Amino acid sequence: MRRVLPLCALAALLAVLPAPATAKLRAPAPQSPAAGADVEAAPALTWAPVPGADRYEVVVAADAQFGSPIAGVNGNRRGAATRNTAAALDENLADGEYFWRVRAVDERDRSGPWSRTRSFTKDWTTAPALSAPADGASVTWPAQALLLRWSTVPHATRYIVTIASEPGLANPVLGTSRDPVKTRGAQFALPGTLAAGTYYWAITPLDESGHQGQRSEVRRFTWSWPTATATRVADVNDTAQVFDPQFSWDPVPGAASYEVEVNTSKDWAPGSEVCCTDPTVGTSLSPLKILRNNVYYWRVRAVDANGNAGAWNEGPSFQKDFDNLTPSIANLRVRDRADAALVGPVPQTDSPIIAWDPVPGASSYTVQTVPYEAGACPWGNIAAADEVMGELSQDNTAATHYTYGLGRPGVGIQGPISASIAGASYNDTGLVDGKSYCVRVRARSDRVDDDNGFVSDWTQINGLGQPAFSFKDPAPVPGPPPAPFALASGSYLSPAEGSAAPRLPLFTWNPVPGANGYWIVVARDASFTTIVDYHFTRFAQYSPGSGFFGSWKSIKTYTDETTRYWWAVIPATGANGSGASTVPSQNAPRQFDKSSVPPALLAPATGADVSTQPMFRWTTSEGARRYQLQVSQDPTFGNPIDDVTTASTAYTSSTTYPADTQLYWRVGARDENDVRLNWSATGSFVRRLPVPAPAPGNPAGGDAIPALGWTPVAGAISYDVRADWVDGKTSDTTVTSTAFTPVEFYGNGVWRWKVRANFPTRGGRPVSGGYFPAQSFVRSMGSTPNVRAARTASRVLLSWDPDPAAVSYRVEISRTSGFGTGTERRTTKTTNFAPTLDGAAKTVGGTLHWRVASADAGSNQGAWTTGTFVVPKRMRVTAVGRLRRGRAGLAEVRVKDASGRPVARALVRVNGRGLRSVARRTSTKGTVRMRLTPRRAATLTVTVTRKGYRDARTTLV
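Residues numbered from 1 in each chain as written. Predicted model: local features only at pLDDT ≥ 70, side-chain atom pairs only at ≥ 80, totals over all residues. Heavy atoms only, no water.

Chemist: For this particular structure, what's the right way to read the confidence of the model for the protein chain?
Modeler: Should pLDDT be low for a region, the predicted coordinates there are not to be read in detail. Confidence in the prediction of the protein chain, expressed as mean pLDDT, is 86, and 92% of residues score 70 or more. Within the model, the stretch residues 1-22 combines pLDDT values under 50 with 29 contacts to residues more than four positions away or in other chains. Segment residues 549-553 is flagged for pLDDT under 50; beyond a separation of four residues in sequence, or across chains, it makes eight contacts in the model. (pLDDT = per-residue confidence, 0-100. Contact = heavy atoms within 4.5 Å.)

Next comes the structure, spelled out in structure tokens:
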């Protein structure tokens, strides 16, 4: 009789034998995408579940032999493992054909066969639809900025913007073929400017992995820049003798600078241009050099910040003359030492002095003297002579008087001072007793380009062909020579003791008995150690600059001094300079001041606020050849920010001065030898640089990259756009356009932006004006669009539509709605997510929470989209029993959940070869007992099913 053991001892006596091999796993059946499908983006892969599978391995490759598996399948490169019957790619794919397969793996890590290989073709064919500007549109800059707009393309995170000068787009004018311009948004403001002409443009989408999509159509637009402007020319010198041209014009919107051309040819023939090589940023210009007497034509054109030039605008022609009056030299006469005019039309004199009134704009004068012969004045003899000598005389002088000398110091004679005789000047004009002489004078202005300078017509004393004076040898002064042989204090005539001379003085004195010549010495000190002039003459008069001084072309000038000049006349007994027995201190030296009248400042007015490019104006200064203008931030002018020399009495700066800063300026005249005379008074002004204004209609918020605009500023070469981002960081971008679109844009919240204009400086960094008040933009990212959660008994798959503002997506799976305990966290660039159902999903199951959010290029994310799905719980099954072939035996099956709690009402089914299938449900304790009689020795399969739980199985032997 067979013995039956009590069930309480059964567990102790029965041994669970090692599980034999399970039934062979089937190959999974692929479901989607369909075989050979065409897709626009990386698809989710799905397949049918395989009984007995614990997990699945998925491989995607670019070849049918799977020798080139791709990365990013559920985060793995090769054989991604998942307990889901769906898998998603984490990375984007390049266009092309791809192959995939899947196989099942059981709990004992034994794999089944691979599924049939399926292929799909990724072909990203959606192209951007261009919206603005319309094909063939005209863009008039700067009234309208070039703003390109197009539709967003699903799965695109950036776009290549191509602008070219031909429809094939082979020669881009924006970026290069190797380094094109890219932007995150679906609009783009050209940051620079273009030359006038027709251009072509297109947009190419890019995904976040850098794969290019289908390029849009090619459109064209015409770029134009209206640069017509009104022109004017004015004479800024109020004297009749000088025409000092100043060119001016109305500002051209968008101009960064202007080019001015002055030409003697009406047809602008090459080589006839006389001015001006340097561009100006103001709307006026005065030539730095004096123009020759002629008729001139001039024109101006605007140039933008990128160097594109507008059309020429011709200004009114003008005639430039210098001292075009009759007579050209006013009050030209022969005078005596007492400044009285000599009597008679051709007065007889033994000491002729030629005098005239100053000519405005003249820095020197040319005096010619020739003998009056045969009723004529042979001026041609001077022009034909290799060197002026004898009775022919030509001298250039900066004084307004001229004296003759009749003497040349003898060779080897030592003068009355320690300086060598070689340092002295003299006048050796050979006036002959009883002869008459013709004299003529003309004025000379700035002589930058040649030695003769720019000259007036000649004025001849007594008129053309008439003599000026008749010369008579001076009679000896009666009386004995004084002892010592010196000039007494009372013999000095001019300049008066201690007088102030605004120009070169005329030195005169009474002749000394016994004297046949005179040395005149001028010094800066009373000891005569610093000599400035040293001259020998036979007449009792001397005008600086009369006579030879190294070369007949040299011109003597005296600089303005804050201290006095000292001068002395030393008589000599010999007509060649010999017999000078005294030194300067023994000849009652006299004093005078040389202080020229400086220019008077006219504009800008002292203390003025100057909002345009400053235009400086001042009055002429007698004897000035040029003017030196200085501008500085300190009143001592220790480090000028502008230091320019000009022949004009006006100047418009070609640089930009610091804004909102007190600036100081002064002008000093420079004489014939380019030596500076007195400075003017100091003027001051404040440069107020213009500030752009925000354009109307700027957006105040959104999730897309905005187009921001502002008004153009005259003279600006660029604009600084400052953005204060929501994270506290600041970025600065410089553009030459009047519109701006960020090419990268991220961060949720309020950020602010403002713009200032930049202006050119000479050889340095641009000077910036002020910012307009900061404008606010509220950046927000919404929730990921159209998130869908698909779940079956063996599959969970999340998918959503592309978010144009996103470059990636964040997905989280958690057992709790607070997502404090996450089972999976992943970032993906695609629009699908298939969890691996590992971790808690595998060991516990039940309700799981999911959420999806879009993330931008700065890892800032939008709102979460949330949901739940239920994953079947896991059952743990144990079966015990000892079964014999042909004999009845008792088996017990225990079913618990992952937490060890019993699972009631679970259906337990046992089947196998030689055994009729037996099914029972577990009790409230999660157990079931069965009496089984197998007909043959075999492994029996125990399968447990329960709603809400994953199927479980084990074996009995």
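Chemist: Would you mind showing me how to read the state of the cysteines here?
Modeler: A disulfide bridge is the covalent bond that connects two cysteines by way of their sulfur atoms. Taken as a whole and assessed by the stated rule, the structure comprises two disulfides. Through a disulfide, Cys 275 is tied to Cys 276; the S-S separation comes to 1.6 Å. Around the S-S axis, the bridge from Cys 275 to Cys 276 shows a dihedral of about 90° and counts as right-handed. Of the two residues examined, Cys 275 and Cys 276, each falls in the buried class. Sulfur-sulfur distance for the disulfide between Cys 377 and Cys 438 comes to 1.9 Å. On the S-S bond that ties Cys 377 to Cys 438, the torsion sits near -70°, and the link is left-handed. Within this pair, whereas Cys 377 is found in the loop between strand 28 (364-371) and helix 2 (380-384), its partner Cys 438 is found in strand 32 (residues 436-444), the two being separated by 61 residues in sequence. Cys 438 gets classed as buried once you look at its relative accessible area, which sits at 0%. Along the protein chain, the cysteines engaged in disulfide bonds are linked according to the scheme 1-2, 3-4 when indexed in sequence order. (Disulfide = S-S within 2.5 Å. Buried < 20%, exposed > 50% of the residue type's maximum accessible area, 1.4 Å probe, protein only. Helix = DSSP H or I, 4+ residues; strand = E, 2+ residues; numbered from the N terminus.)

Chemist: Explain the side chain of Asp 304 to me, please; I cannot follow it from the model alone.
Modeler: By secondary structure assignment, the location of Asp 304 is in the loop between strand 22 (294-303) and strand 23 (313-314). Despite its burial, Asp 304 pairs with no opposite charge; the closest candidate is Arg 301, at 11 Å N-O. In this structure the side chain of Asp 304 is engaged in a polar contact, spanning 2.8 Å, whose partner is the side chain of Thr 193. If sequence neighbours within four positions are ignored, Asp 304 has contacts with Trp 141, Thr 193, Leu 194, Trp 225, Gly 254 and Ala 256. (Lys, Arg positive; Asp, Glu negative; His and termini not counted. Salt bridge = Lys/Arg side-chain N within 4 Å of Asp/Glu carboxyl O. Polar contact = N/O pair within 3.5 Å; in protein donor to acceptor, adjacent residues only side chain to side chain.)

Chemist: So what exactly am I meant to see when it comes to the environment of Val 610 here?
Modeler: Topologically, Val 610 is positioned in strand 44 (residues 608-610). On a C-alpha basis, the gap between Val 610 and Ser 499 in space is 41 Å, while along the polypeptide they are 111 residues apart. Here Val 610 is in contact with Pro 604, Phe 685, Val 686, Arg 687 and Arg 688, once residues within four sequence places are set aside.

Chemist: Quick question: what am I supposed to make of the sheet that holds strand 43 (residues 601-603) here?
Modeler: Strand pairing within a sheet occurs via backbone hydrogen bonds; the two strands may be parallel or antiparallel. The strand order across the open sheet built from three strands is 43-45-48, with neighbouring strands paired in antiparallel fashion. The sheet is open, and its two borders are formed by strand 43 and strand 48 (650-652), each paired with just one other strand. The mean inter-strand angle of the sheet, taken between neighbouring strand axes irrespective of direction, is 20°. Both strand 45 (residues 615-618) and strand 48 contribute to a ladder of three bridges, which runs antiparallel. By the bridge assignment, Phe 616 is partnered in strand 48 with Tyr 651. (Pairing = 2+ DSSP bridges. Axes fitted to C-alpha atoms, helices over the stretch in contact; angles between N-to-C directions.)

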